[in-house]
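Read off the chains here:
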Amino acid sequence: DAGVIQSPRHEVTEMGQEVTLRCKPISGHDYLFWYRQTMMRGLELLIYFNNNVPIDDSGMPEDRFSAKMPNASFSTLKIQPSEPRDSAVYFCASSLLAINEQFFGPGTRLTVL
Amino acid sequence: AQSVTQLDSHVSVSEGTPVLLRCNYSSSYSPSLFWYVQHPNKGLQLLLKYTSAATLVKGINGFEAEFKKSETSFHLTKPSAHMSDAAEYFCVVSDGGYQKVTFGTGTKLQVIP
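Scope of this entry: the structure provided in the associated data block. (Residues numbered from 1 in each chain as written. Chains lettered and ligands numbered in written order. Predicted model: local features only at pLDDT ≥ 70, side-chain atom pairs only at ≥ 80, totals over all residues. Heavy atoms only, no water.)

Section: the nonpolar core
General note: in soluble globular proteins, nonpolar side chains tend to be found buried as a group.
So, point 1. The biggest cluster of nonpolar side chains holds 26 residues, and the ones touching the most others in it are Trp35(B), Leu48(B), Leu76(B) and Tyr89(B).
So, point 2. Among the elements that make up this core, the one with the highest residue count is strand S10 (residues 87-94) of chain B (4 residues).
So, point 3. Those residues in contact with Tyr89(B), other than ones at most four positions away along the chain, are Gln6(B), Leu21(B), Trp35(B), Tyr36(B), Val37(B), Leu47(B), Phe63(B), Leu76(B), Gly106(B), Thr107(B) and Leu109(B).
So, point 4. Among the nonpolar cores identified, the runner-up in size contains 21 residues, and Phe49(A), Met60(A), Ile79(A) and Tyr90(A) belong to it. (Core = buried A, V, L, I, M, F, W, Y, C linked by side-chain atoms within 4.5 Å. Buried < 20%, exposed > 50% of the residue type's maximum accessible area, 1.4 Å probe, protein only. Helix = DSSP H or I, 4+ residues; strand = E, 2+ residues; numbered from the N terminus. Contact = heavy atoms within 4.5 Å.)

Overview of the environment of Ser94(B)
Residue and element names in this part refer to chain B.
So, point 1. Among the secondary structure elements, Ser94 is positioned in strand S10.
So, point 2. The exposure class assigned to Ser94 is buried, which follows from its relative accessible area of 1%.
So, point 3. Sequence separation between Ser94 and Ser70 is 24 residues, and the spatial gap between their C-alpha atoms is 18 Å.
So, point 4. Aside from chain neighbours lying at most four places away, what touches Ser94 is Gln2, Pro31, Ser32, Phe34, Lys100 and Val101.

Concerning unusual backbone geometry
Residue and element names in this part refer to chain A.
So, point 1. Looking along the chain, the bond that leaves Ser7 and enters Pro8 is cis, with omega of -10°.
So, point 2. With respect to the secondary-structure elements, Pro8 resides in the loop between strand S1 (5-7) and strand S2 (10-13).
So, point 3. Of note, the bond from Gln80 into Pro81 is cis; its omega dihedral lies within 30 degrees of zero at -5°.
So, point 4. With respect to the helices, strands and loops of the structure, Pro81 is situated in the loop between strand S8 (74-79) and strand S9 (88-96).

Now the structure itself:
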């Protein structure tokens, strides 16, 4: 398996623009997680899904952030409108209930100017 | 509620000398504990995990960690550091499963030739 795939790897955009980050989990995994990593706040869980259903979105910072998982092999994290303070590395991870481990993608480095 | 404290933000060792990265946790239940490693500009990789089996856990690349309930600690050790061990290490705790985990703030390990 190719592992968790994220795209794009780098994104540079201007304040106010819409940003969409994409994630393809490992095939067969039933949990998907979105994290944000910054120097100031470390790694934060934003939201996670089980069988494509959002279970806990309490980490989503504000209404500008939204996440969807239309099917088992694809998820998006959207920021609209983006702000400079959204600049961070965003990680997607997936897991399988029977395996007590999260597998992380390489991350998307977002810079909002 | 669960929390994790990594006692050192930076650790510097000479190549060939032992590594000790310290982690203390707080958990309302029997916790699951993990150590992840992140190399520069990479995603996170699981080093090892404790899930209420043997208290001494062996992981990849020669790392191991010991779960000490009386001390609420889960320190990561390696007998002999290698240059390739230079990375950031995260201690992670989960109360009742691994779906919602809490990351420590990370410890950056520097290995001096």
